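Listed below are the residues making up each chain.
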Amino acid sequence: MEDFFCPSFVSHREFPCEVSTPKRSKLLTESKDMESIVETMMQQLLSKEILHEPMKEIGERYPKWLKEHEDVLSKEDFARYSHQYELIKDLNEVYENDPGNFTKIVELMQQMQECGQPPNEIVQELAPDLDLANLGQLSPELLESQTNCCVM
C-alpha cells in the first residue's frame, strides 16, 4: 500500500488513512463535496439579501439602548454590547460596500458571536415572538398545539 498523508484534523475512525487508493479518492471527493455544500449554504445564509436588513435594524436600535442601559449594566457588559454594536456597524459597512467579501463577513459574524446574544429588548422589538432568554425551552402552549402532528 502506498504512503498517504493523513492530516492531523482527520479522525482515523471517520477517515482511516489505511484505506485503498480508489476508496481513499472517493472519500476525499465526498469530503470536498460536503465542504463545498456547507460553504455554499453558509454564503447563502450570511448573504446581504438575508442578513443586511435585520443587521441594519438591530444597529439602528443599539445607540438608544446603550444610552438607556449604561447606568444599569456592569462595565464589562456595557463594553461587550458596545463592541458588538461596533461589529454590527462594520458588518453593515461590508454589506453596503463589499457584499461579496465572504471572508470578512464570516470574521465579523464570529466576533459578534463571541460577544453573545444581542440585548433581548432589541430582539423583542424586531421579533416579538422570539425570546432569546428562553430559547430552547418549549412552551406548554406550543407542546399542546403539536398533539395532532404526525410525521408518517
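A. Local environment of the overall build of the protein. Along the protein, the regular secondary structure elements total six helices and zero strands. Secondary structure of the protein in N-to-C order comes out as α-α-α-α-α-α. Surface accessibility of the protein: about 11,400 Å² in total, with carbon and sulfur atoms responsible for 54%.

B. Representation of the pattern of salt bridges. This model, assessed by the stated rule, comprises six salt bridges. The shortest N-O distance in the salt bridge between E125 and R61 comes to 2.8 Å. Of this pair, E125 sits in helix α5 (residues 120-126) while R61 sits in helix α2 (residues 48-69), and the two are 64 residues apart along the sequence. Residue R61 is classed as partly exposed on the basis of its relative accessible area, which comes to 26%. Note that E68 and K64 form a salt bridge whose closest N and O atoms lie 3.9 Å from each other. Residue E68 and its partner K64 are both found in helix α2; the two are separated by four residues, about one turn of the helix. A residue is classified by how much of its surface remains accessible, and E68, at 49% relative accessible area, is partly exposed. Accessibility expressed as a relative area gives 59% for K64, which makes it exposed.

C. Layout of the environment of I58. Mapped onto the elements, I58 comes out in helix α2. With 64 residues separating them along the chain, I58 and I122 place their C-alpha atoms 6.7 Å apart. Contact partners of I58, with chain neighbours within four places excluded, come to I88, I122 and L126.

D. Quick peek at the packing of aromatic side chains. The final tally for this structure, using the stated rule, is two aromatic pairs. Ring geometry for W65 against Y81: centres 4.9 Å apart, planes inclined by 75°, an arrangement best described as edge-to-face. Of this pair, W65 sits in helix α2 while Y81 sits in helix α3 (residues 75-97); the two residues are 16 residues apart in sequence, bridging distant segments of the chain. Per residue, the accessibility class of W65 equals that of Y81, and both read buried. Across from the ring centre of Y81, 4.5 Å away, lies the NZ or CZ of R80, which sits over that ring.

E. Main features of the packing of α3 against helix α4 (residues 102-114). Where α3 contacts α4, the axes come no closer than 9 Å and their chain directions differ by 165°. Taken together, the axes of α3 and α4 lie roughly antiparallel to each other. For α3 against α4, the interelement crossing comes out left-handed. Seen from α3, the contacting residues are Q84, L87, I88, D90, L91, V94 and Y95; seen from α4, they are K104, I105, L108, M109, Q111 and M112. Split by residue class, the contact of α3 with α4 holds nine nonpolar, two polar and two charged.

F. The side chain of N92, seen in detail. Following the sequence through the fold, N92 ends up in helix α3. With a relative accessible area of 9%, N92 lands in the buried category. Polar contacts involving the side chain of N92 include one to the main-chain carbonyl oxygen of M55, which spans 3.3 Å. Ignoring anything within four residues of it in the chain, the contact list for N92 reads H52, M55 and K56.

G. Summary view of the confidence of the model for the protein. Put simply, the protein has an average pLDDT of 76, and 64% of its residues get 70 or more. Confidence, read as mean pLDDT per element, is least for helix α6 (residues 140-145) in the protein (49) and greatest for α3 (96). Every residue in residues 1-15 scores below 50 in pLDDT, and together they form 18 contacts with partners more than four places removed in sequence or on other chains. Note that residues 135-139 has pLDDT below 50 and, in this model, two contacts with residues that lie over four places away or in other chains.

What counts as what
Residues numbered from 1 in each chain as written. Predicted model: local features only at pLDDT ≥ 70, side-chain atom pairs only at ≥ 80, totals over all residues. Heavy atoms only, no water. Helix = DSSP H or I, 4+ residues; strand = E, 2+ residues; numbered from the N terminus. Areas by Shrake-Rupley, 256 points an atom, 1.4 Å probe, with all protein chains shown as cover. Salt bridge = Lys/Arg side-chain N within 4 Å of Asp/Glu carboxyl O. Buried < 20%, exposed > 50% of the residue type's maximum accessible area, 1.4 Å probe, protein only. Contact = heavy atoms within 4.5 Å. Phe/Tyr/Trp six-rings, centres within 6.5 Å; stacked < 30°, edge-to-face > 60°. Lys NZ or Arg CZ within 6 Å of the ring centre and 35° of its normal. Axes fitted to C-alpha atoms, helices over the stretch in contact; angles between N-to-C directions. Parallel < 35°, antiparallel > 145°, perpendicular 65-115°, else oblique. Left-handed = near helix turned anticlockwise from the far one by under 90°. Nonpolar A, V, L, I, M, F, W, Y, C, P; charged D, E, K, R; others polar. Polar contact = N/O pair within 3.5 Å; in protein donor to acceptor, adjacent residues only side chain to side chain. pLDDT = per-residue confidence, 0-100.

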